[in-house]
Amino acid sequence: MKPRKIWIDEIHGGSRYGLKGKILIKKRSPFQEITIMETENHGNALMLDGCWMTSDKEEKYYHECLVHPALSSLKTASRVLIIGGGDGGTARECLKYSDISLIDLVEIDKEVIELAKKYLKELGQNAWEDKRLKINICDGLKWVSNTQNNYYDVVFIDCSDPSEISNDIYSLKFYEECKRITKKEGIVATQSESPESFPTIHIEIIKSFKQIFQISSTMYSFVPFYPSGIWSWTFGSEDSTQFLNPQYKHIDSIENSCDIWNLNYQKGAFQMMPNKILNKLKKI
């Protein structure tokens, strides 16, 4: 008997964001409930604790916007840290840069990685077999705290929405530690929630980056099946001379490999801060 198709919704703020399909697996890990669904129009989709994380169709809106503004603005990058990223999409995009010799992917829940390898193959693709990618099953805060100063060229914070297992990642202390382990000319990049659905968290992240880094900026784009559709990514650095300006020598090949991101897209996306967010930031 074939599994029947059902609707699964993320419920947020009195709204529902749903996909229709059949459940491939639903289980509880030691950290969270993991659901993977085969949908009618979005391919396979991942939900954690009732929140949509990614899907085959939507993921490049998210992963390309997190990775390429940072890595394309460095002439060279050797070592990268990904906090979270258990679906493999961020690692896949990072591995497009030939100068990278090491990616430490630090994920607290190994079952997310195992299930992504089986059910979300479009996301990780060949990244899981690349020798440059090192998987570390560990708490992100502990990993960062135990890392030496100025070690990574870029730190990506690719975590789920604030929850019991991720609240410490959304803290001033954590961002300060990420800055400490990043080279002066390097970049710390984080997903920074939706200005519409999560305005308080969104503003707190921007405020923290402005407090910690010499220079920071926030990019806005769309992840259509996330709550409200609009999403953001925030970047910080101590080196303003090349911050978010294209430096990578093979930038054309990176652009050609992407479905969403290119330099023109990026330029416009960094100028999209809603006025109500600008006005709130002026009061800080």
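Keep in mind the model is a prediction, meaning the values are calculated, not measured.

### Details of the overall build of the chain
Each helix and strand in the chain was counted, giving ten helices and twelve strands. Computed over C-alpha atoms, the radius of gyration of the chain comes to 18 Å, within 12% of the 19 Å expected from 2.2 N^0.38 for 284 residues, which places it in the range of a compact globule. Counting only C-alpha atoms and orienting by the principal axes, one finds that the chain spans roughly 60 × 45 × 35 Å. Buried positions account for 54% of the 284 residues belonging to the chain. With 36 positive and 38 negative side-chain charges, the chain shows a separation of 1 Å between the mean positions of the two kinds.

### Points about the packing of aromatic side chains
The final tally for this structure, using the stated rule, is twelve aromatic pairs. Each ring, one from F209 and one from F213, has its centre 5.0 Å from the other, and the planes form 40°; the classification is tilted. Accessibility expressed as a relative area gives 0% for F209, which makes it buried. The structure contains a cluster of three or more aromatic residues connected by ring pairs, namely W52, Y62, F198, F225, Y226, W231 and W233.

### Describing the packing of helix α6 (residues 172-181) against helix α7 (residues 199-212)
The geometry of α6 relative to α7 is characterised by a closest axis approach of 10 Å and an angle of 45° between their N-to-C directions. By the angle between their axes, α6 is oblique relative to α7. In this structure, α6 crosses over α7, and the sense of that crossing is right-handed. Touching L172, Y175, E176 and K179 of α6 are I205, S208, F209, Q211 and I212, all from α7. Across the contact of α6 with α7, the residue classes tally to five nonpolar, two polar and two charged.

### Details of the sheet that holds strand β10 (residues 182-191)
Spatially, seven strands are ordered β8-β7-β6-β9-β10-β12-β11 in an open sheet, and the strand pairing comes out mixed. Since the sheet does not close on itself, it has two edges, and those belong to β8 (133-137) and β11 (215-222), each with one partner. On average, each strand axis in the sheet is tilted by 15° relative to the strand beside it, whichever way the strands run. Where strand β6 (residues 79-84) and strand β7 (residues 102-107) come together, five bridges link them in parallel fashion.

What counts and how
- Residues numbered from 1 in each chain as written.
- Predicted model: local features only at pLDDT ≥ 70, side-chain atom pairs only at ≥ 80, totals over all residues.
- Heavy atoms only, no water.
- Helix = DSSP H or I, 4+ residues; strand = E, 2+ residues; numbered from the N terminus.
- Rg over C-alpha atoms; globule rule 2.2 N^0.38 Å.
- Buried < 20%, exposed > 50% of the residue type's maximum accessible area, 1.4 Å probe, protein only.
- Lys, Arg positive; Asp, Glu negative; His and termini not counted.
- Charge placed at Lys NZ, Arg CZ, Asp CG, Glu CD.
- Phe/Tyr/Trp six-rings, centres within 6.5 Å; stacked < 30°, edge-to-face > 60°.
- Axes fitted to C-alpha atoms, helices over the stretch in contact; angles between N-to-C directions.
- Parallel < 35°, antiparallel > 145°, perpendicular 65-115°, else oblique.
- Left-handed = near helix turned anticlockwise from the far one by under 90°.
- Contact = heavy atoms within 4.5 Å.
- Nonpolar A, V, L, I, M, F, W, Y, C, P; charged D, E, K, R; others polar.
- Pairing = 2+ DSSP bridges.

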